[in-house]
Amino acid sequence: MCFGRRARCIGYKLLILALLSIVANILLYFPNGETRFASEHHLSKYVECLHGIVGGGFMVLIPAAVFIGLHNDDCCGCFGRGNCGKSCTMLSSVLAAFIGILGSGYCIIISALGLSHGPYCLTHLGRKWVYPFTSGGYLFEYNKWSQCQEPYNIVQWNVTLFSILLVLGGIEFILCFIQVINGILGGLCGLCCSHEETYAC
């Protein structure tokens with residue numbers, strides 16, 4: 001397969017994953033579709049880190065746009081050499097891939113911390129807004145989830161969306177890492193495996 005075509009394929013996948021991350025992070029702000037908890041700042045501190053919007057979202061959209069544009073890139077010539085512009089473009093895509101790795105890595109870390117720390121909620125004990133779960137062990141202790149009274153079903157809401165963001169960030173990280181290897185190989189070996197491709201400058 002052509003290195004540029006593979007990069008474009010990765011780019012489209014990253015585009016979809018980044019948009020899904022943004023949507024998932026936005027949903028975290030509105031438990032059960034209610035806006036009052038966000039306006040009253042009754043949300044987990046990890047929700048406000050914007051890991052899905054900034055990390056898994058916009059920071060992944062940058063390499064996605066770069067990778068998608070590689071296939072039709074008509075750059076020719078670099079460092080005084082003709083017909084190597086596309087190879088240099090492939091090498092430059094590695095920098096964009098590193099931005100995606102940083103963004104997806106941030107999304108993974110915050111999602112994992114959000115799952116481990118648990119939700120910020122109003123408990124029936126003392127009627128206070130607290131973090132009732134101190135470790136990730138609550139994930140398998142469903143009988144304790146009822147400690148959170150407001151927002152309604154906040155434990156399920158947080159666990160589901162943080163898990164989705166964790167998975168999305170992991171896939172983004174893997175795809176960006178693949179593009180690092182693809183970009184290096186494409187830059188060193190030429191944009192396409194076939195020697196029949198010609199470049200018109």
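For the structure itself, look to the data block above.
All figures in this text were calculated on a predicted structure; none of them were measured in a lab.

> Give me the state of the cysteines: which residues, what numbers.
Scanning all chains against the criterion turns up one disulfide. Here Cys121 engages in a disulfide with Cys148; their sulfurs sit 1.9 Å apart. Torsion about the S-S bond of the Cys121 and Cys148 cystine: about -55°, corresponding to left-handed handedness. Within this pair, whereas Cys121 is found in strand S1 (residues 121–123), its partner Cys148 is found in strand S3 (residues 148–150), the two being separated by 27 residues in sequence. With a relative accessible area of 10%, Cys148 lands in the buried category.

> Quick rundown of the side chain of Thr123? Include the residues and the values.
For Thr123, the location among the structural elements is in strand S1. With a relative accessible area of 5%, Thr123 lands in the buried category. Apart from the residues lying within four places of it in its own chain, the contact partners of Thr123 are Lys128, Val130, Pro132, Gln147 and Gln149.

> So what's going on with the packing of helix H1 (residues 3–29) against helix H3 (residues 51–70)? Residues and values would help.
Angle between the axes and distance between the axes are the two parameters that describe a pair of packed helices. Direction vectors running N to C along H1 and H3 enclose 160°, while the axes themselves pass 7 Å from each other. Overall, the two elements H1 and H3 adopt an arrangement that is roughly antiparallel. Crossing handedness for the pair H1 and H3: left-handed. In terms of residue class, the contact of H1 with H3 is built from 17 nonpolar, seven polar and one charged.

> Describe the pattern of salt bridges, naming the residues involved and giving the relevant values.
In this structure the tally under the stated criterion is three salt bridges. Put simply, Arg36 and Glu34 hold a salt bridge, and the shortest N to O gap is 3.1 Å. Taking the relative accessible area as the measure of exposure, Glu34 reaches 29% and is therefore partly exposed. The closest approach of N and O atoms between Glu141 and Lys144, which form a salt bridge, is 2.9 Å. Three or more residues are tied together by salt bridges with common partners; here these are Glu34, Arg36 and Glu150.

Calculation notes
- Residues numbered from 1 in each chain as written.
- Predicted model: local features only at pLDDT ≥ 70, side-chain atom pairs only at ≥ 80, totals over all residues.
- Heavy atoms only, no water.
- Disulfide = S-S within 2.5 Å.
- Helix = DSSP H or I, 4+ residues; strand = E, 2+ residues; numbered from the N terminus.
- Buried < 20%, exposed > 50% of the residue type's maximum accessible area, 1.4 Å probe, protein only.
- Contact = heavy atoms within 4.5 Å.
- Axes fitted to C-alpha atoms, helices over the stretch in contact; angles between N-to-C directions.
- Parallel < 35°, antiparallel > 145°, perpendicular 65-115°, else oblique.
- Left-handed = near helix turned anticlockwise from the far one by under 90°.
- Nonpolar A, V, L, I, M, F, W, Y, C, P; charged D, E, K, R; others polar.
- Salt bridge = Lys/Arg side-chain N within 4 Å of Asp/Glu carboxyl O.

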